[in-house]
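# Working through the structure, step by step
Spelled out from the first residue to the last, the chains are:
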Amino acid sequence: LYKEAMEYKDRGFGTDYTLNQKRAELRLQEILQKYPTSDKIADVAYQLGDLYEGRAFRQYGRSAAYFERSFQWRKGSVTDARLRAARLYDRQLNERAKAIDLYRDVIAHDTDPARIREAEKRLAELTGNRK
């Protein structure tokens, strides 16, 4: 199912693109429902976060929630899920406190220097602690 979902995701143009995004969403949701203990659920949650953030859905709250599930379900995650969730809370959902918490988590848990720098910069801007 995961491979099938990924065959639809980000494919096509216009109406075909939107329909393929919805097909991918259905397949990914099916995986979560049928296989809740699978070792793929963190990847599935990440892909759902990406889908919901994209132009076919623009459901930023759902997107942020799935990005959060992604890093919660895979401890020591090496994806940008925390940062993407922080950006959504910051820029789209206007949930400043939640964004600040997630930017702090990026700094504490991420290993990618560029993501850490972005989180530090935005955290400083949000908290008024400019360097």
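How each quantity is defined
- Counting of residues starts from 1 at the beginning of each chain's written sequence and follows it residue by residue.
- Since the coordinates come from a predicted model, pLDDT governs what is reported: local features require at least 70, and pairs of side-chain atoms require 80 or more to be given and counted, while whole-chain, interface and lining totals use all residues.
- Hydrogens are left out, water is left out, and the side-chain values use all remaining heavy atoms of the structure.
- Salt bridges are defined by distance alone: a side-chain nitrogen of Lys or Arg within 4 Å of a carboxyl oxygen of Asp or Glu.
- Every helix listed is a DSSP run of H or I at least four residues long, and every strand listed is a run of E at least two residues long, numbered separately from the N terminus.
- Remark: exposure states derive from per-residue accessible area (1.4 Å probe, protein chains only) relative to the maximum for the residue type, with buried under 20%, exposed over 50%, and partly exposed in between.
- The span expected for a helix works out to 1.5 Å for each residue beyond the first.
- Should any heavy atoms of two residues lie within 4.5 Å, those residues are counted as being in contact.

## A word on the pattern of salt bridges
All chains considered together, the criterion is met by 15 salt bridges. Between Glu 30 and Arg 27 there is a salt bridge; the shortest N-O distance is 3.9 Å. Of this pair, Glu 30 and Arg 27 are both found in helix α2 (residues 14-34), 3 residues apart, which corresponds to roughly one turn of the helix. Residues Glu 118 and Arg 87 are paired through a salt bridge, measuring 2.7 Å at the closest nitrogen-oxygen approach. With Glu 118 in helix α7 (residues 113-127) and Arg 87 in helix α5 (residues 81-92), this residue pair connects regions lying 31 residues apart in the sequence. The exposure class assigned to Glu 118 is partly exposed, which follows from its relative accessible area of 25%. Overall, Arg 87 belongs to the partly exposed group, its relative accessible area being 25%. In this structure, a network of salt bridges that share partners links the residues Lys 9, Asp 10, Asp 50, Glu 53 and Arg 84.

## Some points on helix α3 (residues 41-53)
Counted at 1.5 Å a residue, the expected span for α3 with its 13 residues is 18 Å, and the 18 Å between its end C-alpha atoms agrees. Across the 13 residues of α3, 10 count as buried, placing the element largely inside the fold. For α3, the full list of buried residues reads Ile 41, Ala 42, Val 44, Ala 45, Tyr 46, Gln 47, Leu 48, Gly 49, Leu 51 and Tyr 52. The inward-facing, buried residues of α3 contact α1 (2-8), α2, α4 (60-73) and α5.

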